[in-house]
Structure formats: structure tokens, C-alpha cells
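Each chain, written out:
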Amino acid sequence: MSHSPQSIPAHQATDGTLILGIETSCDETAASIVEWRDGAPRVLSNVVSTQHEIHARYAGVVPELASRAHLERIVPVVREALRSAELAGRHISAVAVGNRPGLIGSLLVGNAAAKAYAWSLGIPVIGIDHIAAHLVAGLLDAPPVGWPALGLVASGGHTHLFRMNDPRSMTLLGRTIDDAIGEAFDKAATLLSLGYPGGPLLDERSSSGDATAMRFPTPRLTGRSVREGSQSSERTLDFSFSGMKTALLYAVRGVPPVANRPAPRPPLPLTEQRVSDLAASFQSAAVNQVMDVLNRAMERLEAQNDRPVTLLVGGGVTANRHLRAQLEMFGTQHGIDVRLPAQKYCVDNAAMIAALAHWRYAAGEHDHLRLAPRSHSLLGRC
Ligand code: KG4
Ligand code: ZN
């Protein structure tokens, strides 16, 4: 029997609809069952098999090793998601899969598995943008929110700011012009020999450091924004983290000598306390930059009579304690509903994939079984 999407009946967006989500874009193999209930996504199971132990010795994700590990883990992870939700495949209404952006070999594994499950169960497959999915992580197991919203994704691969009408419709306001914030945290942790993955270790170490010990350069990005057409002296809503990384490199290893200039001072000895101070100063500078862009985005939208009522955030870096505290304060200052995802939904997971698919499913959208993975996002100019 053929199960082309055309033969699948129109969707019913009713309470009790169950979607299986699959996520394999980087180094986490994940599956989750999410139910639509009382106007919001409820997580029935959330299984994440992380590959950190495989990639730690290389201090970064090795794509070929990642796809091989996904291949070994994907079926047991999906089975476990069904088992712990006490469900069988026949109860599921659609299979959602993160099909962009990500490592192409890793995405291929999740996509092939999702299409195989969808075909064999005779249900639709729904391709999901991983960046957009991070934005709904704060809506999992939480009351429905108001729109429009500001949406911030701060992860290992992405730093993007959106204005959102709803989870399916958003415009890009700004993004990083170089490193993603999580990548910067990871590289800073490597420079300070804190280990891998660096973000959480740097967060931990910062608590014993003096955040005012070192001043980092503050990027002032003006002129041509990543957004179409903006070419002025007005500051953009973009981010930049590579200058901070270089400043940290010089603080640790010393400033390289320049011809005809006095010899630079040698760096301070890298004592345990100095490492903590540099970690805290770096974290504080990175978080300040994010808050600065968010404040300017609010000001700009308010001036256009387009005040967002909600701030959605997601991505691994939103697990950072200092950033979370600052975001909460931002909510109080601006009277805006800030949705901080639970820690387990900040990092990559499949519950956010299934959740976003619920909005697409309710709108009658699904994809063809020819759905292909893409290494790039289609959101704005990502
Ligand atoms: O969202 P995610 O799991 O993967 C991507 O889509 O990229 O984010 C992983 C990133 C890594 O760079 C990791 O170091 C960072 O999130 N991260 C943190 C923290 N927890 C994870 N960065 C700062 N503080 C944390 N507590
Ligand atoms: Zn992610």
C-alpha cells in the first residue's frame, strides 16, 4: 500500500493529538512524544542520548563519528520514547523531524528514520527548522502565551533574534556576524583549559570569579545589517563574539609583539583565581551584549508601535545562570512575559521539534516523503 502525503486525510487540531519528534542535527540523538492539550504542548516522553563522551577527546563534534552514533542509537531512542509514554506507533498522528540546519550526515539519519516511521504508519512527516524549534522550548508544559513575541536563540551554532507573529511566522531582526555565543563560550573554556563541553563548565567556574577583573571590547555594529537594505549609521541588532574571544586569547597567552612598538607586558600568571576571574568577566561581557541588543530591540519595536508582549528564548546558552537571571530582570523591567525553558529543554531535544510540529499540523501543513535535510536554515538569511 502506498502512503503518499496526498492520501493522508486533512488534519484535526484536537486535544489529544500526539506527535513523535526526532532530532539528530548535531551530537544528540533524541526522540519525544508531545501531546496537544488545553492549547499548549505537553511532553509525554523526552529521550536524549548525548554523544559528549565520543567527541570530548577532540574538543569538538566530529561529523562522521556523530552520524555513525546516530545510526546506532536512533531506533532504541525512538522505542524508548514510545515505551516511556506507554504508547505504540498506531497512537501517533504525525512524525516531526528536525531537517535543517545541522550536520548533513547527522540530519540524514533522523530524516530517513522519520520518513520510514511515517510511511510505515501511514501518517504525515513534518520537517522542522531546528532554530525555530528552540524558540518554542519555553512553551513546553507551560500555559499558552500572547503574541507578538521577541524570540532569542542562543546556542552552540546560532545566535539569532526574531520578531514573531506566532511559532510559524517570524522575521529576523539580527544575528551574529561571526561566532555563535555558545561557540564563543566553548572556545573560551578551551583557552582556560576548563574542559568540554565548555559552556556549562565556564558557567560553573564563573561563580567563584570577579566579573569586573577584565574589561572586554563592546562591539558597536552599525551600517549594513544582515537584514535587507539597512545601510545607516544606526546600530544594528546583530551580535559579534569573535573580538571577545581574541581579547581572552591575549589575556591568557599575551599580546603578540608589533614592530617599532614597546614590548607588550607579559600576561598575568594563570592562577586558579585568575582563571575564575577571566571566566566570570567573559561570561558577563557576553551576557551584557545579549541584553544590550534585547533592550535596543524593545526600544525599536516600541517606537514602531509594535510592542512584543512575550520574550521567548531557547538554545543551550539559555541554560546559563547569569543569562537567566538577567532575562528575568528584563521581564520585570519591561513588563514582558519571559518564558525561560526548563534546563532539559534548553539544550538540543526532540520535544521542541514535536511541539513546533503541532502548530504546523494544526494549520494543515505537512511535508512530502521526499523531504530532504538541509545544512542551512531557511529563516531570514541564516
Ligand atoms: O542548543 P545546543 O544544545 O546545540 C546547538 O543547537 O548548538 O547548545 C549547545 C551550546 C554549547 O555551546 C554549550 O557550551 C552551550 O550551549 N551551553 C552553555 C551552558 N549550557 C550549554 N553555555 C553557557 N552556559 C551554560 N550553562
Ligand atoms: Zn540546538
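## Examining the pairing of strand β2 (residues 28–37)
Piece 1. For β2, the tally of buried residues reaches nine of ten residues, placing the bulk of the element in the interior.
Piece 2. Pairing geometry for strand β1 (residues 18–23) and β2, over six bridges, is antiparallel. Of the residues in β2, the one forming a bridge with L18 is E35.
Piece 3. Here β1 folds back onto β2 in antiparallel fashion, the turn holding four residues.
Piece 4. With antiparallel pairing between neighbouring strands as the criterion, β2 and strand β3 (residues 40–50) make up a hairpin whose turn holds two residues, including D38 at a positive phi of roughly 55 degrees.

## Quick word on the sheet that holds strand β8 (residues 169–175)
Piece 1. With mixed pairing, the five strands of this open sheet are ordered in space as β8-β7-β6-β11-β12. Here the strands that pair on one side only, and so sit at the sheet edges, are β8 and β12 (337–339). Averaged over all pairs of adjacent strands, the angle between strand axes in this sheet comes to 20 degrees, irrespective of strand direction.
Piece 2. Across six bridges, strand β7 (residues 159–166) lies against β8 in antiparallel orientation. Residue H160 lies in a different strand from β8, and its bridge partner there is R175.

## Structural notes on the sheet that holds β3
Piece 1. Taken together, the five strands give an open sheet; going across it, the order is β3-β2-β1-β4-β5, and neighbouring strands pair in mixed fashion. Each of the sheet's edge strands pairs with one partner strand only, and the pair in question is β3 and β5 (125–129). Going across the sheet, the axis of each strand differs from the next one's by a mean of 25 degrees, ignoring polarity.
Piece 2. Bridge analysis of β1 against strand β4 (residues 94–100) gives four bridges, and the strand direction is parallel. Directly across from L20, in β4, lies its bridge partner V95.
Piece 3. Where helix α3 (residues 104–121) meets the sheet, its contacts fall on β1, β4 and β5, and the angle it forms with β4 comes to roughly 160 degrees.

## Here we look at the packing of aromatic side chains
One pair of aromatic rings is described through two measures. These are the centre distance and the angle between the planes.
Piece 1. For the structure shown, the criterion picks out four aromatic pairs.
Piece 2. Here the aromatic rings of F185 and F282 are separated by 6.0 Å at their centres, their planes lie at 85 degrees, and the arrangement is edge-to-face. Here the residue F185 occupies a position in helix α5 (residues 181–191), and F282 occupies one in helix α8 (residues 272–303), the gap between them amounting to 97 residues.
Piece 3. Here F185 falls in the buried class, since its relative accessible area comes to 2%.
Piece 4. With a centroid separation of 6.3 Å and 15 degrees between ring planes, the pair formed by F239 and F241 is classed as stacked.

## Details of the domain arrangement of the chain
Piece 1. Domain parsing of the chain yields domain 1 (5–141 + 345–367) and domain 2 (149–341).
Piece 2. One C-alpha centre belongs to domain 1, the other to domain 2; they are set 29 Å apart.
Piece 3. At the interface, 24 residues of domain 1 touch 23 residues of domain 2.
Piece 4. Summing both partners gives a buried area of about 1,800 Å² for domain 1 against domain 2, and 77% of it is carried by carbon and sulfur.
Piece 5. Considering only the side of domain 1, the residues that lose the most area to domain 2 are I131, L135 and C346, jointly responsible for 38% of the buried surface there.
Piece 6. Inspection of the region where domain 1 meets domain 2 yields one salt bridge.
Piece 7. The salt bridge involving E365 is made with R168; its shortest N-O contact spans 2.5 Å.

## As for the pattern of salt bridges
Piece 1. Evaluated as defined, the whole model comprises 20 salt bridges.
Piece 2. As a salt-bridge pair, R205 and E272 come within 2.8 Å of each other at their nearest N and O atoms. Of this pair, R205 sits in helix α6 (residues 198–206) while E272 sits in helix α8, placing them 67 residues apart in sequence.
Piece 3. Residue E234 pairs with R300 through a salt bridge whose shortest N-O separation is 3.8 Å. One end of the pair, E234, is in strand β10 (residues 231–235); the other, R300, is in helix α8, and 66 residues separate them in sequence.

## Describing the side chain of S281
Piece 1. Position of S281 relative to the elements: it lies in helix α8.
Piece 2. Using a relative accessible area of 1% as the deciding quantity, one classes S281 as buried.
Piece 3. Of note is the side chain of S281, whose polar atom sits 2.8 Å from the backbone oxygen of D277.
Piece 4. With residues near it in sequence (within four places) discarded, S281 still touches D210, A211, T212, A213, M214 and F216.

Rules used throughout
- Residues numbered from 1 in each chain as written.
- Chains lettered and ligands numbered in written order.
- Predicted model: local features only at pLDDT ≥ 70, side-chain atom pairs only at ≥ 80, totals over all residues.
- Heavy atoms only, no water.
- Buried < 20%, exposed > 50% of the residue type's maximum accessible area, 1.4 Å probe, protein only.
- Helix = DSSP H or I, 4+ residues; strand = E, 2+ residues; numbered from the N terminus.
- Pairing = 2+ DSSP bridges.
- Axes fitted to C-alpha atoms, helices over the stretch in contact; angles between N-to-C directions.
- Contact = heavy atoms within 4.5 Å.
- Phe/Tyr/Trp six-rings, centres within 6.5 Å; stacked < 30°, edge-to-face > 60°.
- Domains from an automatic or database assignment.
- Buried area = accessible area lost by both parts, 1.4 Å probe.
- Salt bridge = Lys/Arg side-chain N within 4 Å of Asp/Glu carboxyl O.
- Polar contact = N/O pair within 3.5 Å; in protein donor to acceptor, adjacent residues only side chain to side chain.

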